[in-house]
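# Report on the structure
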Amino acid sequence: MPIAQEFLDTPAKTYLFAYPLNRTYAPFLHNTITRLVGVPRVYSKLESTDWDMFLNLCQADDFGGSAVSMPNKVTACTKLDGLTPEGKEIGACNTVLIRKDAAGKRQLIGHNTDSVGVKESMLRADDSHLKSGKTAPGMIFGAGGASRAAVYALNKWMNCNPIYVVNRDDAEVDALIADFKNNATESFNPEMIHIKTVEQAKSLAAPVYIVSAVPAFPPTSDSEKLARKIIEEIFAKPEKGVILEMCYFPHPWTDLAQIAQDAGWNVVTGEQAMIWQGIEQQKLWLNCEETDFPLDQIFAIVKEQLASDAKTGNEPPVA
């Protein structure tokens, strides 16, 4: 459906509630989207962990919704009035939606669009596995905040099971797996396999999709070097697939992306997922469809800005 006139006529404010907020392209992305479609909205950083302040802000007449990032994503699940099925099953929310209850009272609903960013960016690169109707392993590299949405996307929408996990910190993996087990539902209960050694990696079937959600730093510690060797063993398997390299700072093309490409994998860079999840947020805030946005123009503008900032070292602009 087209963007309603009320959104085109009424100024509003949206936010990114997180701390700290360094090198984020969210304001630039969202302000670019609303500028291109002619919606009078301003998206601003809200660098804080103060939930009382944030929830009070959400009651303002001109509040149009909010994004949420670390360390507030998990806490959001207990602070808002309700959760969508995605927010509940992932156990983290990156989006606050405004809804009305039966009495017309404003309700703040937590949702997660990070999973949509993973799904859309990877399936648009290669959806042949999904179309095959078969189930095959997926994999995440890293066990931090972004991994929750990646597991959900791989298992719920991309026909991946089991989900392999590779990470430098065993305790993080144990906590992630335990959390998913404790919050399993009939519709979402992924089998999770923690790959701890190169030998174990050799014995497992190749994944069709990999999501890497670790910083783009060279491995230095023994645990980091082991994790890198494990994923290189996965890359070396004869069967190749698609890898989403979530890290796009300081440059979308990382050392890991190059290693994967050299091994024959199809690499999707992280800004693709970032843009798709932001488009999903705007769809929900503006109650419209993907076709209401000039997608090619949005992607081109963000890509150009990323390339420029990678060369200059400048902070991302806000608009």
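Everything numeric in this text was worked out from a predicted model, so none of it was measured.

### Quick look at the overall build of the protein
- Per the secondary structure count, the protein includes 14 helices and twelve strands.
- Against the 2.2 N^0.38 benchmark of 20 Å for 319 residues, the protein shows a C-alpha radius of gyration of 20 Å, consistent with a compact globule.
- Projected onto its principal axes, the C-alpha coordinates of the protein cover approximately 60 × 45 × 40 Å.
- Residues classed as buried in the protein amount to 51% of the 319 residues present.
- Expressed as a percentage of contacts within the protein between residues at least 6 apart in sequence, the contacts between residues at least 24 apart total 77%.
- Total accessible area on the protein is roughly 14500 Å²; 50% of this is exposed by carbon and sulfur atoms.
- The averaged location of the 40 negative side-chain charges in the protein is 1 Å from the averaged location of its 30 positive side-chain charges.

### What to know about the packing of aromatic side chains
- Considering all chains together, one arrives at eleven aromatic pairs under this definition.
- Here tyrosine 152 and tryptophan 157 contribute two aromatic rings whose centre-to-centre distance is 5.3 Å and whose plane-to-plane angle is 85°, an arrangement assigned as edge-to-face.
- Relative accessible area serves as the criterion here: at 2%, tyrosine 152 is assigned to the buried category.
- Since its relative accessible area comes to 23%, tryptophan 157 is described here as partly exposed.

### So, the layout of surface pockets
- What the second largest pocket holds in volume is close to 440 Å³.
- Every residue lining the second largest pocket is counted, 20 residues in all, and those nearest its centre are Glu6, Phe7, Arg41, Ile98 and Trp285.
- Looking at the lining of the second largest pocket, the elements that each hand over two or more residues are helix 1 (5-9), strand 3 (63-68), strand 5 (95-100) and helix 13 (270-286).
- No other element matches the four residues that strand 5 contributes to the lining of the second largest pocket.

### Some points on unusual backbone geometry
- Cis geometry is found at the peptide bond from tyrosine 19 to proline 20, where omega equals -10°.
- As for its placement among the helices and strands, proline 20 is situated in the loop between strand 1 (12-18) and helix 2 (26-37).
- Going from methionine 70 to proline 71, the amide bond is cis rather than trans, its omega being 5°.
- One can find proline 71 in the loop between strand 3 and helix 4 (76-79).
- Notably, asparagine 159 is not glycine yet its phi reads approximately 55°, a positive angle.
- Relative to the helices and strands, asparagine 159 is located in the loop between helix 8 (145-157) and strand 8 (160-166).
- For asparagine 287, which is not glycine, the phi torsion reads 55° and is therefore positive.
- With respect to the helices, strands and loops of the structure, asparagine 287 is situated in the loop between helix 13 and helix 14 (295-312).
- Under the relative-accessibility criterion, asparagine 287 is labelled partly exposed at 46%.

### Considering the packing of helix 2 against helix 13
- Put simply, helix 2 and helix 13 touch, their axes get as near as 10 Å, and they point 50° apart. Here helix 2 is positioned oblique relative to helix 13, judged by the angle of their axes. Taken as a pair, helix 2 and helix 13 cross one another with a handedness that is right-handed. Residues Leu29, His30, Ile33 and Thr34 of helix 2 form the contact with helix 13, whose own contacting residues are Met274, Ile275, Gly278, Ile279, Gln281, Gln282 and Trp285.
- For the contact of helix 2 with helix 13, the class distribution of residues is six nonpolar, five polar and no charged.

### What about empty space enclosed by the protein?
- Summed over all chains, the structure comprises one cavity of 30 Å³ or more.
- Ranked by residue count, the leading element in the lining of the largest cavity is helix 8, at four residues.
- Of the residues contributing to the lining of the largest cavity, the split by class is four nonpolar, two polar and three charged.

### Brief notes about helix 2
- Between its terminal C-alpha atoms helix 2 stretches 17 Å, which fits the 16 Å expected from twelve residues at 1.5 Å a residue.
- Counting buried positions along helix 2 yields ten of twelve residues, so the element is predominantly enclosed.
- The set of residues buried in helix 2 consists of Ala26, Pro27, Phe28, Leu29, His30, Asn31, Thr32, Ile33, Thr34 and Val37.
- Residues of helix 2 that are buried make contact with helix 1, strand 1, strand 2 (41-47), helix 13 and helix 14.
- One or two residues past the end of helix 2 sits glycine 38, with phi positive at roughly 75°.

### Let's talk about the pairing of strand 5
- With two bridges connecting them, strand 3 and strand 5 associate as antiparallel partners. Bridged to alanine 67 within strand 5 is threonine 95.
- In textbook terms, the turn of a hairpin is the stretch between consecutive antiparallel strands, and for strand 5 and strand 6 (residues 106-111) this stretch comprises five residues, one of which, glycine 104, has a positive phi near 85°.

### Thoughts on the sheet that holds strand 11 (residues 242-245)
- Overall, parallel pairing links the six strands, which are arranged 9-8-7-10-11-12 in an open sheet. In this open sheet, the two edge strands, each paired with only one partner strand, are strand 9 (192-194) and strand 12 (266-269). Pairs of neighbouring strands in the sheet enclose a mean axial angle of 20°, with direction left out of account.
- Where strand 8 and strand 9 come together, three bridges link them in parallel fashion. Within the sheet, the bridge partner assigned to isoleucine 163 lies in strand 9 and is methionine 192.
- Set on the sheet, helix 9 (residues 170-182) makes contact with strand 7 (136-141), strand 8 and strand 9; between it and strand 9 the angle comes to about 170°.

Definitions and cut-offs
- Numbering of residues begins from 1 in every chain and follows the order in which that chain's sequence is written.
- Since the coordinates come from a predicted model, pLDDT governs what is reported: local features require at least 70, and pairs of side-chain atoms require 80 or more to be given and counted, while whole-chain, interface and lining totals use all residues.
- As a rule here, side-chain values come from all non-hydrogen atoms in the structure, and water together with hydrogens is ignored.
- Helix and strand definitions follow DSSP, with helices as H or I runs of at least four residues and strands as E runs of at least two, each counted in order from the N terminus.
- Radius of gyration here is computed from C-alpha atoms only, and the compact-globule reference equals 2.2 Å multiplied by the residue count raised to the power 0.38.
- Note on classification: 1.4 Å probe, protein chains only; a residue is buried when its accessible area is under 20% of the maximum for its type, exposed when over 50%, partly exposed between these limits.
- Contact between two residues is taken to exist if any of their heavy atoms lie within 4.5 Å; hydrogens are not considered.
- Only the protein chains shown count as covering a residue, and every accessible area follows the Shrake-Rupley method with a 1.4 Å probe.
- The positive count covers Lys and Arg only, the negative count covers Asp and Glu only, and His and the chain ends enter neither.
- A charged residue contributes its charge at one atom only: NZ of Lys, CZ of Arg, CG of Asp or CD of Glu.
- Any two rings among Phe, Tyr and Trp, with Trp reduced to its six-membered ring, count as a pair given centres within 6.5 Å; such a pair is stacked if its planes are under 30 degrees apart, edge-to-face if over 60, and tilted if neither.
- In this analysis the probe radius is 1.4 Å and the grid spacing 1 Å, with only protein atoms considered; a cavity is a set of points the probe fits into but cannot get out of, a pocket is an open set with protein on both sides within 12 Å along at least five of seven lines, and lining residues have an atom within 4 Å of a point.
- Grid points are joined across faces, edges and corners, and a volume is the space filled by probe spheres set on the points.
- Between N-to-C directions, angles cover 0 to 180 degrees, with each direction set by a line fitted to C-alpha atoms, over the stretch in contact for helices.
- Any angle from 65 to 115 degrees is called roughly perpendicular, while one under 35 is roughly parallel, one over 145 is roughly antiparallel, and all others are oblique.
- Definitions for this section: a left-handed crossing has its near helix turned counterclockwise from the far helix by less than a right angle. A right-handed crossing has that turn clockwise.
- Residue polarity is assigned by list, with Asp, Glu, Lys and Arg as charged and Ala, Val, Leu, Ile, Met, Phe, Trp, Tyr, Cys and Pro as nonpolar; anything else, Gly included, falls into the polar class.
- Expected helix span is computed as 1.5 Å times (number of residues minus one).
- In short, DSSP must find at least two bridges between two strands for them to pair.

Coordinates in, geometry out; function isn't part of it.
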